[in-house]
Amino acid sequence: MDYYKEVLFSDFYDNRGHLIAIESGYDIPFDIKRVYYITDVKKGVSRGFHAHRDLQQIILCIKGNVKLKIITPVEEKIFLLNDKSKGLLLGPYTWREIYEFSEDAVLLVLASQHYSEDDYIRSLEEYREEVKYRC
Ligand code: TYD
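Rules and cut-offs
- Residues numbered from 1 in each chain as written.
- Predicted model: local features only at pLDDT ≥ 70, side-chain atom pairs only at ≥ 80, totals over all residues.
- Heavy atoms only, no water.
- Salt bridge = Lys/Arg side-chain N within 4 Å of Asp/Glu carboxyl O.
- Buried < 20%, exposed > 50% of the residue type's maximum accessible area, 1.4 Å probe, protein only.
- Helix = DSSP H or I, 4+ residues; strand = E, 2+ residues; numbered from the N terminus.
- Polar contact = N/O pair within 3.5 Å; in protein donor to acceptor, adjacent residues only side chain to side chain.
- Contact = heavy atoms within 4.5 Å.
- Near = heavy atom within 4 Å.
- Areas by Shrake-Rupley, 256 points an atom, 1.4 Å probe, with all protein chains shown as cover.
- Nonpolar A, V, L, I, M, F, W, Y, C, P; charged D, E, K, R; others polar.
- Pairing = 2+ DSSP bridges.

Novice: Please clarify how the pattern of salt bridges should be interpreted in this entry.
Specialist: Pairing of side chains with opposite charge becomes possible as their charged atoms draw close. A full pass over the atoms with the stated rule returns 9 salt bridges. Linking R16 and D14 is a salt bridge whose minimum nitrogen-to-oxygen distance equals 2.7 Å. Since its relative accessible area comes to 28%, D14 is described here as partly exposed. For E76, the salt bridge identified is with K69, shortest N-O distance 3.5 Å. Among the ionic contacts, a cluster of salt bridges with common partners joins R53, E126, E130 and R134.

Below, the structure is given as structure tokens:
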């Protein structure tokens, strides 16, 4: 499974505005079990700082912009999320840090599983140890 992948969704844009549709099975490779969104993040605040053992997620910045850094067993990469029709698919064992939220940023997350704290790796040291024998 990919550690990450950029996914482009169809934007039905006309003089009435944007309409972007995302369908499980067609546009994303999992059934959506959970949706959450993050808004009103104060200047200088960072979030994330974890990886998942099993969960897949699509992260979209549907308003404003934000930076997202990933660490995988093979690389580190920084994305600027600023396109409401472009999602980032994050697979298992992808460490993520989210920062430099614009004041108006709205981050939408579509997840393959219900919330489970057991699926989280919240320490980078633990992540680096676990990927040695899991990945
Ligand atoms: P947290 O993991 O700290 O957020 P982030 O990944 O943005 O750093 O989650 C904040 C709180 O919300 C924490 O108490 C767990 C809870 N939470 C849920 O109850 N359900 C969810 O789907 C998520 C993502 C978090």
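Next, the rest of the story.
Novice: I'm lost on the side chain of H50 in this one. Help?
Specialist: Relative to the elements of secondary structure, H50 occurs in strand 3 (residues 47-52). Overall, the relative accessible area of 9% leaves H50 in the buried class. For H50, the side chain forms a polar contact with the side chain of H52, separated by 3.3 Å. Sequence-distant contacts of H50, that is, excluding residues within four places in its chain, are made with T94, W95, R96, Y120, I121 and R122.

Novice: Explain the site of the ligand here, please?
Specialist: Around the ligand, the structure places R34, Y36, I38, R47, G48, H50, Y115, Y120 and R122. Take R34: an N or O atom from its side chain is 2.5 Å from an oxygen atom of the ligand. Coverage of the ligand by the protein amounts to 59% of the 540 Å² it exposes when considered alone. At the level of elements, strand 2 (34-38) and strand 3 are the ones that each hand at least two residues to the shell around the ligand. Grouping the amino acids of the shell around the ligand by side-chain chemistry returns 4 nonpolar, 2 polar and 3 charged.

Novice: What is the right way to read the pairing of strand 8 (residues 95-99) from this model?
Specialist: Each regular strand shows side chains that alternate between the opposite faces of the sheet. The element strand 8 is largely enclosed, with a buried count of 5 among its 5 residues. Neither face of strand 8 is exposed, since W95, E97 and Y99 on one face and R96 and I98 on the opposite face are all buried. The sheet contact formed by strand 3 and strand 8 spans 3 bridges and is antiparallel. In the sheet register, R47 faces strand 8, and the bridge partner there is I98.

Novice: Help me out: how do you make sense of the side chain of T72 in this one?
Specialist: When you line up the elements, T72 lands in the loop between strand 5 (66-71) and strand 6 (76-81). Classification of T72 by relative accessible area gives buried; the value is 6%.

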